Amino acid sequence: MTPPSAGPAAEVAEVAGALERARGAFPAWSGLDPSARSRHMLAVRSRLLERLDDVVETIVAETGKIATEVVVNEVLVTCELIGWYAKHAPGLLRPERVSPGLLRHKTAEKRYEPYGVIGVISPWNYPLVLSMGPVVTALFAGNTVVLKPSEITPKVGLLVGEIFAEAGSGSHPAIVQVVTGSGPVGEALVRSGVDKIVFTGSVRTGKAVMRAAADALTPVLLELGGKDPLIVCSDADIGRAARGAVWGAFTNCGQTCMATERVYVVESVYDDFVAQVVELTGRLNQGSGADADLGAVTHEGQLRVIEAHLADALERGAKVAAGGRRVDVGGRPSLEPTVLLDVDHTMAVMREETFGPILPVMRVRDEDEALALANDSPYGLNASVFGRDKAKLEKLVAGLASGNVCVNDVMVSYAIPGLPFGGVKSSGLGRSHGPEGLREMTQVKSVATDRSRLRREPQWLPLPSQLGRMARMAMRVLYHRRYT
Ligand code: NDP
């Protein structure tokens with residue numbers, strides 16, 4: 001782990017040393033049996049829990065979120081992910097035989113090999129789980145890691161490095177290296193010669209990462225932003241839908257990639273839904289104490305975006321039904337949990353990622369209109385649908401252009417470690433979690449082995465004179481319509 005450094009140039013210079021140390025740790029770590037790696041990762045989980053108070057305190061201090069959110073949405077989700085991979089990674093990494101097809105005298109096998117060193121770049125909004133998640137997945141697959149946390153949450157990043165260095169009585173201290181600093185350090189990591197980049201952050205930075213990675217053809221996994229819709233059908237349980245929407249929009253003060261950022265409600269249940277959402281929102285306690293429901297907007301730059309979306313919506317005719325005022329939360333300027341009505345797709349609040357505590361609710365004719373509006377977005381991270389009729393729900397699930405869909409629920413897919421998580425359209429490339437997430441951290445080596453002991457193959461040189469004629473005949477027999 002690298003200590004915090006003197007200045008930007010020194011921070012950039014630290015990337016090369018961190019990469020070298022991670023490369024040095026790779027042979028021993030990748031050479032371990034996957035079940036030995038699983039045992040070590042369970043020791044990492046134990047160390048994380050031993051340091052729980054430090055973790056909670058550091059995250060609360062750097063982000064302004066409330067302690068309960070840290071415990072439930074970050075630590076618990078991380079622990080579950082480690083447990084799932086500890087159980088399943090050894091099996092998922094085992095070589096797999098596939099049919100050799102026509103070539104019956106061969107064996108064919110897929111092997112899942114680690115890349116080497118993975119560069120992980122993480123954002124500030126969930127600084128623990130969005131660092132630990134990709135880091136542990138990379139390690140389970142046999143890679144070592146250089147992590148660059150956000151400049152807004154460097155102490156959380158350094159704490160993550162300490163936890164890995166201390167786990168298992170410090171038996172593999174160098175497998176995770178941490179470099180702190182801002183964008184230029186991230187770019188230096190992308191260009192450093194790491195074997196893959198796993199990036200979580202905004203679409204704009206994600207594109208810059210992909211451009212920088214293209215020079216060395218470094219593969220990238222991108223987990224980017226969202227503008228997640230929630231659809232309330234005419235037959236929904238309105239009480240559950242309203243509670244789900246309020247949690248989805250306001251937990252972590254709305255600073256969640258898969259936050260509920262826009263709601264479409266069928267007109268027959270609109271008034272009931274709005275009344276319940278407004279009533280629930282009015283009861284929320286925003287603050288920094290033990291009894292708070294939500295905390296603060298983490299930094300002023302984010303608050304400026306949120307307030308610009310609010311001002312644009314009001315200028316275009318939206319109405320505030322709850323909240324709407326700037327407040328101080330534990331010394332941080334923030335926005336109250338805010339419900340907006342009379343919104344439409346001309347407004348930034350319905351089209352761009354707000355990443356703050358605003359819940360815009362739009363009345364729609366029916367579920368078909370809701371689906372069309374939900375898909376009218378450059379994003380496709382997560383979506384929620386609330387209703388009872390199975391056929392109607394299935395039509396919505398199938399029609400939503402989204403990497404994840406939650407039915408009668410909100411955001412929960414992320415907390416199920418066996419389910420792959422990721423976006424379509426501008427929300428990203430690749431998947432984390434589940435078997436797909438582990439395999440993202442591996443390169444497949446395909447191995448074909450001859451077991452015939454023949455002296456030659458028919459197509460080897462010099463070509464046998466009858467080969468072409470025999471091949472034509474064989475194909476007619478093998479691939480004739482009747483035989484396929
Ligand atoms: P940013 O894109 O601003 O930053 C993400 C990370 O990239 C930070 O560590 C940042 O460093 C670093 N970075 C900045 N510039 C560069 C560069 N040129 N090259 C490499 N790295 C760079 O995102 P935020 O931190 O603001 O996070 C919020 C965004 O993350 C939202 O859009 C949100 O939707 C998305 N997100 C996506 C998730 C998903 O799983 N799909 C989950 C959570 C968030 P620094 O902060 O030091 O500038």
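On a predicted model such as this, the values are computed, not experimentally measured, just so you know.

About the cut-offs
- Residues numbered from 1 in each chain as written.
- Predicted model: local features only at pLDDT ≥ 70, side-chain atom pairs only at ≥ 80, totals over all residues.
- Heavy atoms only, no water.
- Helix = DSSP H or I, 4+ residues; strand = E, 2+ residues; numbered from the N terminus.
- Buried < 20%, exposed > 50% of the residue type's maximum accessible area, 1.4 Å probe, protein only.
- Contact = heavy atoms within 4.5 Å.
- Areas by Shrake-Rupley, 256 points an atom, 1.4 Å probe, with all protein chains shown as cover.
- Lys, Arg positive; Asp, Glu negative; His and termini not counted.
- Charge placed at Lys NZ, Arg CZ, Asp CG, Glu CD.
- 1 Å grid on protein atoms, 1.4 Å probe; cavity = no way out; pocket = protein on both sides within 12 Å on 5 of 7 lines; lining within 4 Å.
- Points joined across faces, edges and corners; volume = space filled by probe spheres on them.
- Nonpolar A, V, L, I, M, F, W, Y, C, P; charged D, E, K, R; others polar.
- Patch = residues over 30% accessible without salt bridge, like charges linked within 9 Å, V, L, I, M, F, W, Y side chains within 5 Å.
- Salt bridge = Lys/Arg side-chain N within 4 Å of Asp/Glu carboxyl O.
- Pairing = 2+ DSSP bridges.
- Right-handed = clockwise from strand over helix to strand, strands pointing away.

Colleague: Can you break down the overall build of the protein residue by residue, with the values?
Modeller: A tally of helices and strands in the protein yields 16 helices and 18 strands. Summarising its shape, the C-alpha atoms of the protein cover approximately 85 × 65 × 35 Å along the three principal directions. By the burial criterion, 52% of the 484 residues in the protein qualify as buried. Residue pairs at least 24 apart in sequence account for 73% of intrachain contacts in the protein once pairs closer than 6 positions are excluded. A total accessible area of about 21400 Å² is found for the protein, and carbon and sulfur atoms account for 55% of it. Of the charged side chains in the protein, 53 are positive and 54 negative, and the gap between their average positions amounts to 13 Å.

Colleague: Quick rundown of the layout of surface pockets? Include the residues and the values.
Modeller: Considering only enclosed or pocket space, the largest pocket measures out at about 1100 Å³ in volume. Looking at the largest pocket, it is lined by 48 residues, and the ones nearest its centre are P123, F199, G201, S202 and T205. Counting residues per element, the lining of the largest pocket draws most heavily on helix α8 (residues 203-214), which supplies six residues. In this structure, the second largest pocket spans a volume of roughly 320 Å³. Looking at the second largest pocket, it is lined by 18 residues, and the ones nearest its centre are N73, V77, M411, Y414 and A415. Mapped by element, the contributors of at least two residues to the lining of the second largest pocket are α4 (67-92) and α5 (129-140). Among the elements that make up the lining of the second largest pocket, the one with the highest residue count is α4 (five residues). Tallied by class, residues from the lining of the second largest pocket come to 14 nonpolar, three polar and one charged.

Colleague: For a nonpolar patch on the surface, give the residues involved together with the corresponding values.
Modeller: A grouping of L102, L103, M475, L478 and Y479 is seen on the molecular surface, where their side chains present a nonpolar patch of about 510 Å² in accessible area. By secondary structure assignment, the location of L478 is in helix α16 (residues 467-479). Since its relative accessible area comes to 37%, L478 is described here as partly exposed.

Colleague: Before we move on, could you go through the environment of L294 and cite the residues and values that matter?
Modeller: The topology assignment puts L294 in the loop between α10 (267-282) and α11 (300-315). Overall, L294 belongs to the buried group, its relative accessible area being 1%. When the C-alpha positions of L294 and N252 are compared, they lie 6.2 Å apart, and in sequence the two are 42 residues distant. Discounting chain neighbours no more than four positions away, the residues touching L294 are I66, E69, F250, C253, L284, N285, Q286, G287 and P337.

Colleague: Hey, could you go over the pattern of salt bridges for me, with residue numbers and the actual values?
Modeller: Counting across every chain of the model gives 28 salt bridges. The salt bridge involving K65 is made with E74; its shortest N-O contact spans 2.9 Å. What makes K65 buried here is its relative accessible area of 4%. A residue is classified by how much of its surface remains accessible, and E74, at 0% relative accessible area, is buried. A salt bridge links E261 to K227, with the shortest nitrogen-to-oxygen separation between them at 2.7 Å. Of this pair, E261 sits in strand β9 (residues 260-266) while K227 is found in the loop between β7 (220-223) and β8 (228-232), placing the two residues 34 residues apart along the sequence. Here E261 and K227 have matching classes, each one buried. A single salt-bridge network, built from bridges that share partners, covers R47, E50, R51, D54, E162 and E166.

Colleague: Just give me the short version of the pairing of strand β4 (residues 144-148), but keep the residues and values in it.
Modeller: With five of five residues buried, β4 is to be regarded as a mostly interior element. Alternating residues of β4 divide into T144, V146 and K148 and V145 and L147, and every residue in both groups is buried. Pairing geometry for strand β3 (residues 117-121) and β4, over five bridges, is parallel. Pairing of V117 across the sheet is with T144, part of β4. Where the polypeptide runs from β3 across α5 and back to β4, its parallel neighbour, the crossover connection is right-handed. Two elements, β4 and strand β5 (residues 176-178), share three bridges in a ladder whose sense is parallel. Along β5, the bridge assignment pairs L147 with V178. With helix α6 (residues 154-170) bridging β4 and the parallel β5, this β-α-β connection has right-handed handedness.

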